[in-house]
Amino acid sequence: MKYKVNEKGYYGDFGGAYIPEMLYPNVEELRQNYLKIIADPDFQKEFHQLLKDYVGRPSPLYLAKRYSERYGVNIFLKREDLNHTGAHKINNTIGQILLAEKLGKKRIIAETGAGQHGVATATVCALRNLECVIYMGEVDIERQAPNVARMKMLGAKVVPASSGSKTLKDATNEAMRDWINNPVDTHYIIGSVVGPHPYPDMVAIFQSIISEETKKQLLAQTGNDQPDYVLACVGGGSNAMGMFYHFMDDENVKLIAVEAAGKGVSSGFSAATTYLGNEGVLHGSRSILMQTPDGQVVEPHSVSAGLDYPGIGPQHAHLFKTGRGQYVSITDEESLEAGLLCTKLEGIIPAIESAHALAYLEKMQFKGGENVVVCLSGRGDKDLDTYIKYFNL
Amino acid sequence: MNRIKQLFREKKNILSIYYTAGYPNTGDTIQIAEALQKSGADILEIGFPYSDPVADGPVIQASSKQSLDQGMTLKLLFEQLKELRKNVTIPVLLMGYVNPVLQFGVEKFCEACAEVGVDGCIVPDLPMVEYEEFYKDCFEKHNLANVFLITPQTAEERIRKIDGLTNGFIYLLSSSATTGKNLEVGNTTEAYFSRIKGMDLKNPTMIGFGISDKQTFDKACSYANGAIIGTAFVKAISEGNLEENISNFMKKFKD
Ligand SMILES: Cc1ncc(COP(=O)(O)O)c(C=O)c1O
């Protein structure tokens, strides 16, 4: 429990709810109710039923033979890419939409970077017949066009965010402004383990299904529910937190979080938050973020829209600061090469986000024979344009 | 005596003006303060800009961005404010988001405020619990008022708590909204303003967000000790002659 949130909404030095008074009633309503609602047997029943019949869980834990041969270890891929809508994001949106219904909300808003969270949100809104507005940076609307079309087809209104770098951070700002202006009937489905308490904890709980299943699957496949390493990419950090959740207290399981180095950590075009950032407040919580000495948020860069964010969730900041997690980074090029390698070796086209985690395998020093789990957070369909351009396909 | 307390003791229908430091030009901060005092403003709220102002609408987002692009920082602002008390005698508050304050250092920030003669702060994303635990002592040591916001959704018990923690005035938002929305005083707003008035709070109240002309200002003053104008003023000084713009704008509120 030592890495979980305390009763004040903090993970060590990080977390809290740094929000203007306008958001207080909504966030407080959530804080008072989320654990109670989630623990309710009816909620649990409906949540797990939907994860099974609608999302297609449990997602397979696949022993990747050719990857394993290449590194002389056992590489397991946790196949979140096989979920309905193609990424881990839907685990969270199913949970939050059920919660929003219990709170009597009629209108759903969300931010999105890669469009995966936007699609996952639009999907559950269609499923439950709720109004849906998605904020997305103008740059991301361009580079993730198929997902924009999917959201529209699902009935969502996609609103471009045109401030700042016109990416995920700015979409999040716009979503928060929407929530301020619609204080009564709206629920904001945040897409990662960021935002004011209780969001980081709530999203982590919904994503923890990833490691809950992984443990059981590992036990069945290897006779040991503890791997030597788990790896995941980190944008805000939700797939990583889901992957780490049930391993956090097993101190002999090494947790590796892979951030986006963009064009290189020192290039000025990077999203390697723990390397470049320091402590501060962004989007409602105290965490680590990329900023100037004056406290202005620095525009990040990554080829992968889902990792193009200048912060990380507060629980990650805590895992980083305590040394429980190892935080590393991978460049744009390394990730694209790893995406192609995965496709060639295993016949799986990964999302460029997930390819960051895979790319780090190339840099690890193995003894031989270790069990290594990589969270394959999403599939690469949405990224074909980027792959096509880079590899001249 | 504290400038804020004295003002509310002596005056009714108080007009407070917000502007973004370093906008339209980096060097305008003091000139605007002096011109506003000359043309009848009672309180100044000087905004220190932030890259991600989530509580602000498009106008203040744009003024903040322009100011930052032109090189404004909190450090530079405090440099400029060394000239503040040469001519400005009315209460002055700094308004901005918490992250620049954290990077500057809370203790250092409070010291700098006291040194240049700032009377208080409005930091919308600094929560009450954090303020109580980590900031209050420092603010009080330097005689800084901390102004909290309340909205129509703020529960009575919480308003009482805010009233207990505040030592300047309470900022009543006319509705839950980002800055720049127009004030429509409908029945529900009126009921809310009356409810607050009836609570008999120890602190004076100022109504803000969406005040743009004499009519909305007067309306606000009938429920509170005064009102705050931000977006409309920032818009009015965006181009042209600064002194003229300010005096023309302020004339609209004084007859
Ligand atoms: C496939 C995929 N992986 C990872 C991420 C990054 O988000 P997080 O760090 O919250 O898992 C995204 C975000 O859009 C994504 O689509």
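Residues numbered from 1 in each chain as written. Chains lettered and ligands numbered in written order. Predicted model: local features only at pLDDT ≥ 70, side-chain atom pairs only at ≥ 80, totals over all residues. Heavy atoms only, no water.

Chain B is annotated in an unreviewed UniProt entry as Tryptophan synthase alpha chain of Pedobacter suwonensis. Taken verbatim from the UniProt record of chain B, the Pathway (unreviewed entry) comment is "Amino-acid biosynthesis; L-tryptophan biosynthesis; L-tryptophan from chorismate: step 5/5." Turning to chain B, the UniProt record has this under Function (unreviewed entry): "The alpha subunit is responsible for the aldol cleavage of indoleglycerol phosphate to indole and glyceraldehyde 3-phosphate." (UniProt positions renumbered as here; feature names shortened; annotations may be inferred.)

Labelled according to an unreviewed UniProt entry, chain A appears under the name Tryptophan synthase beta chain, originating from Pedobacter suwonensis. In UniProt, chain A has this text filed under Catalytic activity (unreviewed entry): "(1S,2R)-1-C-(indol-3-yl)glycerol 3-phosphate + L-serine = D-glyceraldehyde 3-phosphate + L-tryptophan + H2O".

Visitor: Would you mind going over the site of the ligand with me for this structure?
Guide: Residue and element names in this part refer to chain A. Taken together, 18 residues sit near the ligand, with S192, G235, G237, S238 and S377 positioned nearest. Residue H88 places a side-chain N or O atom 2.9 Å away from an oxygen atom belonging to the ligand. A distance of 2.6 Å separates a nitrogen atom of the ligand from a polar side-chain atom of S377. With the chains in place, 98% of the 390 Å² that the ligand exposes on its own is no longer accessible. Class assignment of the residues belonging to the shell around the ligand gives a composition of 5 nonpolar, 11 polar and 2 charged. (Near = heavy atom within 4 Å. Polar contact = N/O pair within 3.5 Å; in protein donor to acceptor, adjacent residues only side chain to side chain. Areas by Shrake-Rupley, 256 points an atom, 1.4 Å probe, with all protein chains shown as cover. Nonpolar A, V, L, I, M, F, W, Y, C, P; charged D, E, K, R; others polar.)

Visitor: Explanation requested: the sheet that holds strand β7 (residues 157-161) of chain A in the structure shown.
Guide: Sheets are built from strands that pair by backbone hydrogen bonding, the pairs being arranged parallel or antiparallel. Residues and elements named next belong to chain A. Pairing within the open sheet is parallel, and its 4 strands lie in the order β7-β6-β5-β8. Of all strands in the sheet, those bounded by a partner on one side alone are β7 and β8 (186-188). On average, each strand axis in the sheet is inclined to that of its neighbour by 25°, with strand direction left out of account. (Pairing = 2+ DSSP bridges. Helix = DSSP H or I, 4+ residues; strand = E, 2+ residues; numbered from the N terminus. Axes fitted to C-alpha atoms, helices over the stretch in contact; angles between N-to-C directions.)

Visitor: In this structure, what is going on with the packing of aromatic side chains? I would like to understand it.
Guide: Aromatic rings in a pair are described by how distant their centres are and how their planes are angled relative to each other. Residues and elements named next belong to chain A. What the rule picks out here adds up to 24 aromatic pairs over all chains. An angle of 80° between the planes, with centres 5.9 Å apart, marks the rings of Y229 and F366 as edge-to-face. Of the two residues, Y229 is situated in strand β9 (residues 229-233) and F366 in the loop between α15 (352-360) and β14 (371-376); the sequence distance between them amounts to 137 residues. Residue Y229 shares its accessibility class with F366, and that shared class is buried. Taken together through their ring pairs, the aromatic side chains of Y67, Y71, Y229 and F366 make up a single cluster. The aromatic ring of Y229 is capped on one face by K254, whose charged end is 5.1 Å from the ring centroid. (Phe/Tyr/Trp six-rings, centres within 6.5 Å; stacked < 30°, edge-to-face > 60°. Buried < 20%, exposed > 50% of the residue type's maximum accessible area, 1.4 Å probe, protein only. Lys NZ or Arg CZ within 6 Å of the ring centre and 35° of its normal.)

Visitor: Help me understand the packing of helix α14 (residues 332-346) of chain A against α15 of chain A in this model?
Guide: Any two packed helices are characterised by the angle at which their axes cross and by the distance between the axes. Residues and elements named next belong to chain A. Two elements in contact, α14 and α15, have axes whose closest approach is 8 Å; the angle formed by their N-to-C orientations is 90°. By the angle between their directions, the pair α14 and α15 is classed as roughly perpendicular. Each of E334, S335, L336, A338, G339 and C342 in α14 lies in contact with α15, whose residues at this interface are I352, A355, H356, L358 and A359. (Parallel < 35°, antiparallel > 145°, perpendicular 65-115°, else oblique. Contact = heavy atoms within 4.5 Å.)

Visitor: Can you help me understand the UniProt feature "domain: Tryptophan synthase beta chain-like PALP" (unreviewed entry) in chain A in this one?
Guide: When the UniProt feature table is mapped onto this chain, "domain: Tryptophan synthase beta chain-like PALP" (unreviewed entry) is found at residues 56-378 of chain A. Between the end C-alpha atoms of residues 56-378 of chain A there is a gap of 14 Å, over a span that is 40% helix and 21% strand.

Visitor: Sorry if this is basic, but what is going on with the interface of chain A and chain B here?
Guide: If you look at the interface, chain A gives 33 residues, while chain B gives 37 residues. Summed over both partners, the interface of chain A with chain B buries about 2,700 Å², with 50% contributed by carbon and sulfur atoms. Of all residues in chain A, E21, M22 and R177 of chain A give up the largest surface area on contact with chain B, accounting jointly for 23% of the area buried on that side. Put simply, chain A and chain B have 3 salt bridges between them. The tally of links between chain A and chain B comes to 21 residue pairs in polar contact (both at pLDDT 80 or more). Of all the secondary-structure elements, those providing two or more residues to the side of chain A that touches chain B are α1 (24-39), α8 (168-181), β11 (278-282) and β12 (285-289) of chain A. Per-element accounting of the side of chain A that touches chain B gives the leading share, 7 residues, to α8 of chain A. Broken down by class, the residue content of the side of chain A that touches chain B amounts to 17 nonpolar, 8 polar and 8 charged. (Buried area = accessible area lost by both parts, 1.4 Å probe. Salt bridge = Lys/Arg side-chain N within 4 Å of Asp/Glu carboxyl O.)

Visitor: Even after reading the chapter, I still don't get the UniProt feature "active site" (unreviewed entry) in chain B, so can you show me in this structure?
Guide: UniProt tags E45 and D56 of chain B as "active site" (unreviewed entry). Counting through the fold element by element, E45 of chain B comes out in strand β2 (residues 43-47). Classification of E45 of chain B as buried rests on a relative accessible area of 0%. In terms of polar contacts, E45 of chain B uses its side chain to reach the side chain of S16 of chain B, at 3.0 Å. Relative to the helices and strands, D56 of chain B is located in the loop between β2 and α3 (58-69). Looking at D56 of chain B, the relative accessible area reads 10%, which means it is buried. Excluding residues that lie within four positions of it along the chain, D56 of chain B makes contacts with R177 of chain A together with Q61, Y97, T178 and T179 of chain B.

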